[in-house]
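# Structural overview
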Amino acid sequence: MGRYILKRLVSAVPVLLGITVIVFAIMAMIPGDPATAILGSYATPENVEKLNRDLGLDKPAVQRYFIWLWNMVQGDFGRSFSLNRPVLEEVLDRFGATLVLAGTSFVLCSVIGVAAGVVSAARQYGLADKAITFAVLLGISIPSFFLGMMMILIFAVQLRWFPASGMWPIYGDRTLPVLVTHLTMPALALAVVATGVVARLSRSAMLEVLRQDYIRTARAKGVPERGVIWRHALRAAMVSILPVLGIQAGFVLSGAVYIEMVFQWPGVGRMLVDAILKRDILLVQGGVVLVAACYVMFNIVVDVAQSLLDPRIKT
Amino acid sequence: MSTLALLARNRLALAGLIVMGLVVLLALVTPLLPLPDPDVTDTGNRFLPPFSEGALLGTDHLGRDQLSRLLWGTRLSLAVGFAAATIAAVLGAAVGIIAGYYGGRVDNLIMRGVDMLMAFPYILLALAIVAALGPGLLNALIAVAAVNIPFFARNIRGITVGIANREFIDAARLAGMNDARIILSEVLPNVIPVIVIAMSTTVGWMILETAGLSFLGLGSQPPQADLGSMLGEARAALITSPHTSVVPGAMILIIVMAINLLGDGVRDALDPRLRSGALTRPMAATLVRREDPAPEPQGDDVLSLCDLQTQFHVKHRVYRAVGGVSLGVKPGECLGIIGESGSGKSVTALSVMGLVASPPGVITGGAVHYKGEDLVGAPYGRLRDLRGREVAYIFQDPLATLHPLYKVGDQLVEAIRVHHALSDSEARARALGLLRDVRIPNAESRLDSFPHELSGGMRQRVGIAMALANDPEVIIADEPTTALDVTVQAQILSLLDTLRREKGLAIVFITHDFGVVAQLCDRVAVMYAGRIVEEGPTRALLEAPAHPYTRRLIACVPELGEGKRRLHAIPGLPPAVNDLPSGCAFAPRCDKAQPACRQGEIALDAYGPRRLRCLYPETELEGTA
Amino acid sequence: MSLALRLENLSKSFAVGKRLFGAPKGHVHAVHPVTLDVPEGETLGIVGESGCGKSTLARMLVGLLAPSGGHIEIEGQPLDNADPAQFGKRIQYVFQDPISSLNPRKTIRQIMEAPLKRLHGMARAARDKRISEIFAQVNLREEFLERYPHEFSGGQAQRIGIARALAAEARILILDEPVSALDVSVQAQVLNLLADLKARLGLTYLFISHDLAVVEAVSDRVAVLYFGSVVEVGRAEDVFSAPRHPYTKLLADSAPVVGRALSPPESRETELPDPLNPPKGCAFRARCPNAGPRCAEEVPQLEGETGQVACFHPLR
């Protein structure tokens, strides 16, 4: 197992390099004078010259890439012009907030989604199945940002159950209960779509597995139906559910961008959108690379979990 | 067209289709409607509530007419969403088909690239593209299409690999086609339904994504507005004038929901597995819908079937898979049931313990008596208690019938502990003993093997061990050696024979092979089209078959040691069990059939130890009819 | 008598554990060098259990797999599948799974037309005439032509597969388990049809099957494959009634036969050798009652005049 984890970590290196190449290539699409385009409204002559020197923008693209890569390896992601602070510091500051939000939503969508899918499959065409199927349809059809806005309108403005925005109150203690009240609405709004997708997939994976011969074998042995569903069928269905959970983590992370905008959550998504609108390209580059790298690491965890689940995967 | 008919029959999909049709129609006629210009500001009339004079849905923060903006915005959102979906589907499918068809290094390189793109949470890639190209609706469209290409490519590649390995592709190559022609005329027609399904289930998602980018201010730029940017602009006034948010938000919800309903309908109509209703979950026990009262138990058989009838109800068709079967097996006896595919022999076996998949299976009549107790009418709890403990099964394909993710030992331990309150270590010791009973070498280490680590023969031994786990009285073996090679089959058969003599087991052995029946079974029943046509002691029956079907079926089987020769064949095909002829089901293929054979019910009459369902038998049987 | 097929040291190995760059982790030798001649008009049966390489061998003969070594001659010319429109006219293949070998989205007419159009460049009218002829030969009704493959039973679909192979007008047919997916009553129909066609059209067959009795009933000569090697070749009537290789005898004794008592033909619970790690010497020696020290050292070669056997201690 240790060797497998090591192997997967090593195989992540080309993926990470690929990510930097893709990001670099996309940024190289910016038309016109790169320094002026990157700096946008910050393009004072001094800034342009400094950027040209920092990134060696007069050099050929391949060389520029390696300079950028080498700087990143050393922990230097450049400096944000709009915020006037190092990109790395800013991203790390913001990433914690995003992790709290996206992590909570991910746990919610995994647990609720899989459970709903299993119940739905076990009671196919029953009342529970129909109710869940309808809820899922609603969940995957509603834009998360619209849902968030409506939640603010109802639960914050009308009912005053939860604060309307932010991660912490402006004044007051930063305790867990305070965080939870701030987190509840955004985490739920973010989890809804992913829960729908997970529930839908879990249902069809379970239905597929329940038709397999080994389920009939379990029944022929006299295994009670609850054991058939939760022990035999779910375990086998998890083999196809788990990779989707990995993909859903990416969707939750993506949806976090909208939710952070709606709830004024101080996360990395809002930072990226602001940076794009201000054309702070170095901040965009650094943020994208760092978040993508974390997602790659998360997917390694998913792969390892998959190999623990399925002995047929060669470790 | 059956696909359209299926779509129309699905009420939810139809609702989606109607709503979607209305929305598209509205979007198409928007330029013709007498609406105010959506971009003309009138700051004097800001935030008018809905149903105001001259503004049915009110006005926004710049006093622009909401209804007009909504319709123009819908037009824009739909166009962008569909365009993105089409671009992503076409490019993704092209990449996927090429990777899947050529395989090898081409596939490897393309899929590494796709994996690389999928290593981004999709919005990061979209944001990076928009950051490079600059905010704007067209750029948002490009970004959304680009990030979805990998999803299509991966999906279509998987399907294409499956198709490229099918034999009809090889056949096309031998028919003189080159690669380009094979891709276009053999692969593509099989992939298109999948592309359509993938598109119809993702269009809604694409509309959401473009709306999202616009919501963030990265898509359509003022004064032009799609639904997303309307929502984004309204956000500042969410609390004071919620209607400016609710109107575009609700429109997105309606559109996406209608598309998703329609998409599900399209998927259900195009997916052949769903079309046949196959993707249903078999219930814990077969449905029982018995019209007539259960027959009383008779005789001293440990297990007896009395006029058992099992049907499959698929849509409006009724397949009479088992059309009234009566059989019995005594303790220590081995009864063979022989028949061709579709004769109902396996369904008969599975009906005993309610293991026929249901839906679509239904037991519609007769009884199964185990030691005098009717199992067909038994509650699920009782049936479950008897399964594996008193009546155990051995199935055909041991790779498919063992759980792939649990160790062999754990599966045996479970079989034991379902019925006996043993500790884990006691059960494990017993499992080890079982593996030794079925002559598995290195039994100790095999306990911790997974099924895929064993050979076919070893897996079937595990299957037998599992059946023996609770010392059952009866074992029902459903073609247990069909999937095995002859040399392995010989080993397994002799093992079963030894075990049954050692343990005094009653065995019901389902097979299509006369050689196997002759070697293993004391008695044999021949099935044709869901009914028994002949039954008797194995030797007597094989030496002097009385039913024309039995005689001719035996003649069809080539026997080793007779050299090159012409074989006997039975012309025609067995009848479909949803369309059985009246009278004898074999009459249309029988050279001895008379008009009487085609009328009315022909009874299974007893002649001493033998039973026969035929008016003009091959040999006269002794005993009273 | 001229040769229809000539295989010389034909072998195939598959790479296992492929990587994007660099050498694979290992090789599985699916077919060890095989040398066989098939005279024109003969039916050569190839028999063996799963994993013995019989299908790999067949797919090499029709150019669907590239051999790793050796070469193939078809009617005196080396196999050359560079131009699919020429190659298909020389040799054809009938598949094991009759339904899967027909494209589910094409009508039978479209399927039948492909070889006529691509291989023979026939015009529409000529194609229709030829299809009628072929369908008459295989006892299929012409009304089937407008239907789709899923509407047919296995036996009918296999007739269509045979009809398609005939349309190419190749004189050599490779039949890869053509009846193993069929029920016995239908199996006999198809086997008899194959025999009739061969007599009428002067075809040469390579008939592959795992069923000894079927192979014996249709073949002139039989080759027995074990673990990728031919272990015995001989006349059909001799091979199973008087086997010379111990493996052939084991096969013959294992087939369940009416009237023979049930006894395990092998005393030990044995398995095939690991293909990734093949044993030295004779591959059968671990299961062989006659194995001697030489069997562990050398690989026996196929030897003999009328019947050939690859064994140091043949039974006869």
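What you are looking at is a predicted structure, and each value in this text was computed from that prediction instead of being measured. (Residues numbered from 1 in each chain as written. Chains lettered and ligands numbered in written order. Predicted model: local features only at pLDDT ≥ 70, side-chain atom pairs only at ≥ 80, totals over all residues. Heavy atoms only, no water.)

### Comments concerning the interface of chain B and chain C
It is common to give the size of an interface as the accessible area lost on bringing the parts into contact. Every contact between the two is made by 66 residues of chain B and, on the other side, 72 residues of chain C. A per-residue breakdown of the area chain B buries against chain C is headed by Leu174(B), Gln519(B) and Leu560(B), which together make up 14% of the total. When the shortest N-O distance is used, the salt bridge between Asp170(B) and Arg59(C) registers 2.8 Å. Counting every contact that joins chain B to chain C gives 20 residue pairs in polar contact (both at pLDDT 80 or more). If you list the elements that add at least two residues to the side of chain B that touches chain C, you get helix H4 (104–118), helix H7 (167–174), helix H8 (179–215), helix H18 (456–468), helix H19 (486–503), helix H20 (514–520) and helix H22 (548–556) of chain B. (Contact = heavy atoms within 4.5 Å. Buried area = accessible area lost by both parts, 1.4 Å probe. Salt bridge = Lys/Arg side-chain N within 4 Å of Asp/Glu carboxyl O. Polar contact = N/O pair within 3.5 Å; in protein donor to acceptor, adjacent residues only side chain to side chain. Helix = DSSP H or I, 4+ residues; strand = E, 2+ residues; numbered from the N terminus.)

### Some thoughts on the packing of aromatic side chains
Within this structure, the stated rule accounts for 23 aromatic pairs over all chains. Judged by centre distance (5.3 Å) and plane angle (90 degrees), the ring pair of Tyr528(B) and Phe586(B) falls under edge-to-face. With a gap of 58 residues between them, Tyr528(B) in strand E10 (residues 523–528) and Phe586(B) in the loop between H22 and strand E12 (605–607) connect regions that are remote in the sequence. You'll find Tyr528(B) and Phe586(B) in the same group, each marked buried. By the ring-pair criterion, three or more aromatic residues cluster together here, those being Phe24(A), Tyr65(A), Phe66(A) and Trp68(A). The ring of Phe395(B) carries the charged tip of Arg216(A) above its face, separated from the ring centre by 4.1 Å. (Phe/Tyr/Trp six-rings, centres within 6.5 Å; stacked < 30°, edge-to-face > 60°. Buried < 20%, exposed > 50% of the residue type's maximum accessible area, 1.4 Å probe, protein only. Lys NZ or Arg CZ within 6 Å of the ring centre and 35° of its normal.)

### Thoughts on the UniProt feature "transmembrane region" (unreviewed entry) in chain A
In the UniProt entry, the feature "transmembrane region" (unreviewed entry) is given for residues 12–30, 95–119, 131–159, 179–201, 236–261 and 281–302 of chain A. Regarding residues 236–261 of chain A, the helix share stands at 100% and the strand share at 0%, and the terminal C-alpha atoms are separated by 39 Å. (UniProt positions renumbered as here; feature names shortened; annotations may be inferred.)

### Some remarks on the UniProt feature "domain: ABC transmembrane type-1" (unreviewed entry) in chain A
Within this numbering scheme, the UniProt entry marks residues 95–301 of chain A as carrying the feature "domain: ABC transmembrane type-1" (unreviewed entry). Within residues 95–301 of chain A, the helical portion is 83% and the strand portion 0%, while the C-alpha atoms at the span's ends are 19 Å from each other.

### Quick notes on unusual backbone geometry
Phi is mostly negative for residues that are not glycine, and the peptide bonds are mostly trans. Residue and element names in this part refer to chain B. With an omega dihedral of 5 degrees, the bond running from Pro222 to Pro223 counts as a cis peptide bond. With respect to the helices and strands, the residue Pro223 is situated in the loop between H8 and helix H9 (227–234). For the bond running from Pro359 to Pro360, omega is 10 degrees, close enough to zero to count as cis. Looking at the element boundaries, Pro360 is found in the loop between helix H12 (345–351) and strand E5 (361–370). Despite not being glycine, Glu479 shows a phi value in the positive range, around 45 degrees. Relative to the helices and strands, Glu479 is located in the loop between strand E8 (474–478) and H19. Accessibility expressed as a relative area gives 9% for Glu479, which makes it buried.

### Looking at the interface of chain A and chain B
Contacts between the two partners involve 78 residues from chain A and, on the opposite side, 77 residues from chain B. Of the roughly 7,000 Å² buried at the junction of chain A and chain B (both faces included), carbon and sulfur atoms supply 73%. Counting across the interface, chain A meets chain B through 3 salt bridges. Between Arg231(A) and Glu414(B) there is a salt bridge whose closest N-O contact spans 2.5 Å. Across the contact surface, chain A and chain B share 22 residue pairs in polar contact (both at pLDDT 80 or more). Among the elements that make up the side of chain A that touches chain B, the one with the highest residue count is helix H10 (residues 225–263) of chain A (15 residues).

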